[in-house]
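# Observations on the three-dimensional arrangement
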Amino acid sequence: MSTVMKQDRLVAINPTRSCAPIGAMLSAFGVHGSITINHGSQGCATYPRHQMARHFREPIEVATTSLTEKTTVYGGKENLLAAIENIWNRFHPTMITVCSTCLSETIGDDIPGIIEEFQTNHPDIDIPIISVKTPSYIGTHITGFDLFLKEVAMRIPLKSRKGDSNGKVNIIPGWVNPGDIRELKWLLREMDVPVLWLTDYSDTLDGGYYDPRPHFPPGGTTVAELQDSSRSLATIALQKYVGGEAAKVYKKRHNIPAYILPMPIGLANTDKFLETLTEITGKPISPELERERARLLDAIVDTHMFNTGLKVAIYGDPDLVHGLVRLTTEMGMIPRFVLTATESKAWGDDMVALADELGIELDIMMRTDLHELHKRMKAEPVDLLMGHSKGKFLSDAEHVPLIRVGFPVEDRFGYHRRAIVGYKGAMYLVDEITNAIMERRGSLVSNTLMAEMEEDIPMNGGGCGSGGCGG
Ligand code: SF4
């Protein structure tokens, strides 16, 4: 039977989470010409910039109100008013997002009120200025991303008239890499479905080398598109915990049907995404996608002898972990430990339901850290670890291969360009996992199976167990 635990320890050791403003900033990078102001101390802007630059390998520009001891005592209103005005005068952005931080929330700055005052005093500055509540004590980077999307859905789309449709589908990809968004774009082109992205940082955070460097990187969803998103046929959120709430806002405010799907990792989840597109638009799944699906099935069949029965530990963002459990199970592996830093009873319930459906037994851990996972792995070894770069130390200590997925991947290059979604993304993961298993020093068999094999089978001179090769 699967179990769910929540960490009671008041300190995190080797945490898997990043801070909340990072999520809002990341999603805001998907709006063309927008700028984020971080209302807090300089460190609250430096840390996200540093973290994002190491993952995306792009310059990350974020403004800060640079709060100090004095503003901490007397309030940061004047700094924020000056910051919005400076940003407007210097860059003329299309939209400004103000993220709060632990500091500005704790001192109680009324950010929506300050923005309102600015807009009243500057009626000529006619751009959306939104605020997102992102102190890190209310959640993680996932919370920040999700709240930004919800704020956009509530404030930017224009009122729509009944029956006045733009013929597009709103897609909320959630926390993914630029490579994933490009892969999703390919799937949607194959399905011939016009899309409105909420939001799209596939170019802004994975751009080219331009000389001279443009003021704002090319790409991203425009504010005009965001305003038009209230006229779409439907909204699909590809992650329940990042964008699911925004999809509900579109349903409630604009009567747009909301489809909240599992992240399209693996065969079944990608099938579900494409079938949903067909349901909404009536368009069939293209022959090329059918062929790609068949290739993924073939890849799973070709590799099953290396992967079947191997135990996996997976950590990271809630939707990512959910999708990877399904994919590894499709490959015949046994997900054993799953961990996220986010605290969510709904996620725990979702994981129990998934484990029951797949017939596996999971140790489900939430609001916890890699120290906890390490303890579990010591007590019950696994064959594979999947998650971001912070798990490197567990991988080294326990001699278990680490498949790098999620955010941040900072000790390797190019992972932000790779896709793990769709059939192609799943094929990439199947290859990556199988090669990692095959590369394990000295053996093609697993930690799990090794003990049994040492007992039952002579390690030298053993041939094919089935006799099929005559060994
Ligand atoms: S103080 Fe809060 S918002 Fe600022 S960097 Fe630290 S966790 Fe993030």
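Residues numbered from 1 in each chain as written. Predicted model: local features only at pLDDT ≥ 70, side-chain atom pairs only at ≥ 80, totals over all residues. Heavy atoms only, no water.

### Let's talk about the site of the ligand
Surveying the vicinity of the ligand reveals the residues Cys-19, Pro-21, Cys-44, Tyr-47, Thr-101, Cys-102 and Ser-136. Looking at side-chain class alone, the shell around the ligand contains 5 nonpolar, 2 polar and no charged residues. (Near = heavy atom within 4 Å. Nonpolar A, V, L, I, M, F, W, Y, C, P; charged D, E, K, R; others polar.)

### Digging into the confidence of the model for the protein chain
For the protein chain, the mean per-residue pLDDT works out to 92, and 93% of the residues sit at or above 70. The low-confidence segment residues 457–471, where pLDDT is below 50, has 6 contacts with residues more than four positions distant or belonging to other chains. (pLDDT = per-residue confidence, 0-100. Contact = heavy atoms within 4.5 Å.)

### Focus: helix 14 (residues 345–358)
The first and last C-alpha atoms of helix 14 sit 20 Å apart over 14 residues, in line with the 20 Å expected at 1.5 Å per residue. All of the buried residues along helix 14 are Trp-347, Gly-348, Met-351, Leu-354 and Ala-355. Down the axis of helix 14, the buried set is contained in an arc of 125 degrees. They therefore lie on one face. Across helix 14 from its buried face, at more than 90 degrees, point the exposed residues Lys-345, Asp-356 and Glu-357. Looking at the buried side of helix 14, the elements it contacts are strand 1 (3–6), helix 13 (318–330), strand 11 (334–340) and strand 12 (363–366). Two residues or fewer after helix 14 comes Gly-359, characterised by a positive phi angle close to 70 degrees. (Helix = DSSP H or I, 4+ residues; strand = E, 2+ residues; numbered from the N terminus. Expected span 1.5 Å × (residues − 1). Buried < 20%, exposed > 50% of the residue type's maximum accessible area, 1.4 Å probe, protein only. Arc of directions from axis to C-beta.)

### Concerning the sheet that holds strand 6 (residues 169–172)
Judged by pairing direction, the sheet is parallel, and its 4 strands sit side by side in the order 7-6-8-9 without closing on themselves. The open sheet has two edge strands, strand 7 (195–197) and strand 9 (258–260), and neither has a second partner. Ignoring which end each strand starts from, the neighbouring axes of this sheet average 20 degrees apart. Where strand 8 (residues 234–237) meets strand 9, 3 bridges bridge the pair, whose relative direction is parallel. Looking at strand 9, one finds that Ala-237 is bridged to Ile-260. The strands touched by helix 8 (residues 178–190) are strand 6 and strand 7; relative to strand 7, the strand with the most contacts, the crossing angle is about 165 degrees. (Pairing = 2+ DSSP bridges. Axes fitted to C-alpha atoms, helices over the stretch in contact; angles between N-to-C directions.)

### Here we look at the domain arrangement of the protein chain
Looking at the assigned domains, one finds that the protein chain contains domain 1 (3–7 + 288–455), domain 2 (20–155) and domain 3 (169–286). Placing the centre of domain 2 and that of domain 3 at their C-alpha centroids yields a distance of 24 Å. Across the boundary between the two partners, domain 2 contributes 34 residues, which contact 33 residues of domain 3. It is His-32, Leu-149 and Ala-153 that lose the most area in domain 2 upon contact with domain 3, and together they represent 20% of the buried surface on that side. Taken together, the connections running from domain 2 to domain 3 amount to 1 salt bridge. Put simply, Arg-213 and Glu-61 hold a salt bridge, and the shortest N to O gap is 3.4 Å. (Domains from an automatic or database assignment. Buried area = accessible area lost by both parts, 1.4 Å probe. Salt bridge = Lys/Arg side-chain N within 4 Å of Asp/Glu carboxyl O.)

### As for the sheet that holds strand 3 (residues 63–64)
Within a sheet, adjacent strands bond to each other through the backbone by hydrogen bonds, running parallel or antiparallel. Strand order in this open sheet of 4 strands is 3-2-4-5, and the pairing throughout is parallel. Bordering the open sheet on either side are strand 3 and strand 5 (129–132), each of which pairs with just one other strand. In this sheet, strand 3 lies alongside strand 2 (residues 34–39) in parallel orientation, the contact comprising 2 bridges. From the neighbouring strand, Asn-38 faces strand 3, where its bridge partner is Thr-64. Those strands touched by helix 1 (residues 20–28) are strand 2, strand 4 (95–100) and strand 5, and its axis lies near 165 degrees from that of strand 2.

### Focus on the pattern of salt bridges
Summed over all chains, the structure comprises 35 salt bridges. In this structure, the salt-bridge partner of Glu-151 is Arg-155, at a minimum N-O distance of 2.6 Å. On the criterion of helical spacing, the pair formed by Glu-151 and Arg-155 is a turn pair, its members being 4 residues apart in helix 7 (residues 141–155). By relative accessible area, Arg-155 is classed as exposed at 53%.

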